Amino acid sequence: MMKQPVTIMAVGDLVLDEPNPDFYFEASTPLLQQADLAIAQVEVPHTTSTECASVDVPAPPADPANLAAAGRAGFAVATLAGNHIYDCGPQGIADTVRLCREAGMTPTGAGMNLTEAWEPAIVERGGHRIGVINVNCVGPRESWATSRKPGAASVKVITHYELDSANPGGPPTVYSFCDPASLRTFTDAVRELAGRVDIVIAALHKGIGHLPAEIAAYEFEIARAAVDAGASAVIAHHAHIMRGIEVYRGAPIFHGLGNFVTVTSALSSGDENSPERQAWAKRRKKLFGFSPDPAMPTYAFHPESRNTAIAVISVDEQGAVSGGFIPCWIDDDARPVPLGDDEKGRQVAAYIEDITREVELDTRFSWQGREVRVSAPDA
């Protein structure tokens, strides 16, 4: 079979925890349906389970019926590895995996045991076999799958704090790195998948939540290790705010795609929420320096997170990969709106370039139609 050019689109987190989820995809569906393959991160369980299996700040389960809206919007692969996927226990994972399949999406990254969690999504588009492998790099450990426990495929990350001054209690220098054995399990899986497919997309749930621009050391380590092991591109999510973009050995690395459709009342400080979530709402401003916009009660995220994007991974007939993005703005109704080469689109693109420069990446950005293409500085 002769291979054809293929366009892969990917977005960040989906939290479909409000009624009428199709409304939130209205502006983006026509574009997403043009992709040969569209990938999204399903952030929370979709289930009727009332179990609370997390000792962290648990996400409430989303309406099982809401997940079908992602399939109707055009997504065909759903990545599930994340810190909230086990919040409703085994039933939450079983239901979410089943509902993804019923919505026409191939899930990856979570399952009823370790083998299922590590199983990649493999699809064929334009004669290319495309594999998506998905791992979680953040806690809580309760979310991690084992050989006999449901959960997410995960890579263990170690954090070391070192006090560099003589002031007890002062701010430390933070070092983060992947546990070598855990990282090797991941890179072995990427390498094995690369032997079975033409294109490997590594999807990583990683990053420091809600902080603009910052990329921790382990994030560069695991993303580049994925490329070294055979990944053609890397996409990431979890931080709920955009991150910079780099091109490493020709492979685009989207260090964080921010929010896409993320609508929920669970992050507000309303009295109807659990004590844990109310306490989290109070800590948020101290930790991250922002308060949610009261005019957007279902979008309790950093104001800069309204700058977002759809990653575009282009594959030519020979299988060569290049990357870019379509700037998007989350409007006052919490809907991601794709933009073009206009004033607002250029503002969002400039924001993404600025946060890329802030972490000392020298990626080149250039407009091509409604896309911003990314390349290495010496390309």
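Values in this document were obtained by computation on a predicted structure and should not be read as measured data. For every chain, the first residue of the written sequence is number 1, and numbering continues from 1 onward in sequence order. Thresholds applied to this predicted model are a pLDDT of at least 70 for local features of residues and 80 or more for the giving and counting of side-chain atom pairs; totals over whole chains, interfaces and linings are not thresholded and use all residues. The basis for every side-chain value is the complete set of non-hydrogen atoms in the structure, without hydrogens or water.

A. Layout of the environment of I158. Within the secondary structure, I158 sits in strand 9 (residues 157-162). For I158, a relative accessible area of 28% puts it in the partly exposed group. Segments assigned H or I by DSSP are reported as helices when at least four residues long, segments assigned E as strands when at least two residues long, and all are numbered from the N terminus. Each residue is assigned to one of three classes by its accessible area relative to the maximum for its type, calculated with a 1.4 Å probe on protein chains only: buried under 20%, partly exposed between the two thresholds, exposed over 50%.

B. Quick look at the pairing of strand 2 (residues 37-42). The buried fraction of strand 2 is high, at 6 of 6 residues. Paired strands are those between which DSSP finds at least two bridges. Relative to strand 2, strand 1 (residues 6-16) is paired through 5 bridges, and the arrangement is parallel. Bridge assignment links L14 to a residue of strand 2, and that residue is V42. Here 3 bridges tie strand 2 to strand 3 (residues 77-79), and the two strands are oriented parallel to one another. Looking at the pairing, Q41 lines up with T79 of strand 3.

C. Main features of unusual backbone geometry. A cis geometry characterises the amide bond from G139 onward to P140, with omega recorded as 0°. Its identity as a non-glycine residue notwithstanding, H210 has a phi of 70°, on the positive side. Relative to the assigned elements, H210 resides in the loop between strand 11 (199-206) and helix 7 (217-228). By relative accessible area, H210 is classed as buried at 9%. One non-glycine residue, R249, lies in the positive phi region at around 50°. Tracing the sequence through the fold places R249 in the loop between strand 13 (245-248) and strand 14 (251-254).

D. Layout of the side chain of N136. Here N136 is to be found in strand 7 (residues 128-136). By relative accessible area, N136 is classed as buried at 0%. A 3.5 Å cut-off defines polar contacts: any pair of N or O atoms within that distance qualifies, except that in protein one atom must be a possible hydrogen donor and the other a possible acceptor, and neighbouring residues in sequence count only when both atoms are side-chain atoms. Within the local environment of N136, its side chain forms a polar contact with the backbone oxygen of V138, the two atoms lying 2.8 Å apart.

E. The confidence of the model for the protein, seen in detail. Confidence per residue, as judged by the predictor, is encoded in pLDDT with a range of 0 to 100. Averaged over the protein, the pLDDT score is 94; the fraction of residues at 70 or greater is 97%. Element-level pLDDT for the protein is lowest in helix 8 (residues 275-288), with a mean of 73, against a maximum mean of 99 in strand 3.

F. Examining the sheet that holds strand 11 more closely. Spatial ordering of the open sheet is given by 6-7-11-12-14-13, a layout of 6 strands whose pairing is mixed. The open sheet is flanked by strand 6 (121-125) and strand 13, the only strands paired with a single partner. Within the sheet, the average angular offset between the axes of one strand and its neighbour, ignoring direction, is 20°. Of the pairings in the sheet, the one linking strand 12 (residues 233-238) to strand 14 comprises 2 bridges and is parallel in character. The partner of V234 across the bridge, within strand 14, is I253. For helices, the axis comes from a line fit to the C-alpha atoms of the stretch in contact; other axes are also lines fit to C-alpha atoms, and the angle between any two N-to-C directions lies between 0 and 180 degrees.

G. Fine view of the pattern of salt bridges. Salt bridges are identified by distance alone: a Lys or Arg side-chain nitrogen within 4 Å of an Asp or Glu carboxyl oxygen. Evaluated as defined, the whole model comprises 15 salt bridges. The partner of R98 in a salt bridge is D95, with the nearest N and O atoms 3.4 Å apart. Residue R98 and its partner D95 are located together in helix 4 (residues 89-102), separated by 3 residues, close to a single helical turn. Taking relative accessible area as the criterion, R98 reaches 39% and is therefore assigned partly exposed. A residue is classified by how much of its surface remains accessible, and D95, at 13% relative accessible area, is buried.

H. Geometry of the nonpolar core. The nonpolar core is taken to be a set of buried Ala, Val, Leu, Ile, Met, Phe, Trp, Tyr and Cys residues, with the residues joined through side-chain atoms within 4.5 Å. Of all hydrophobic cores here, the largest spans 43 residues; its most connected members are L14, F25, F75, F260 and I310. Throughout, a contact is declared for two residues whenever any of their heavy atoms are within 4.5 Å. Residues contacting I310, with those up to four places away along its chain left out, are M9, A10, V11, L31, L32, F260, G324, F325, I326, C328 and P338. Ranked by size, the runner-up nonpolar core spans 40 residues in total, among them I199, A213, A233 and V315.

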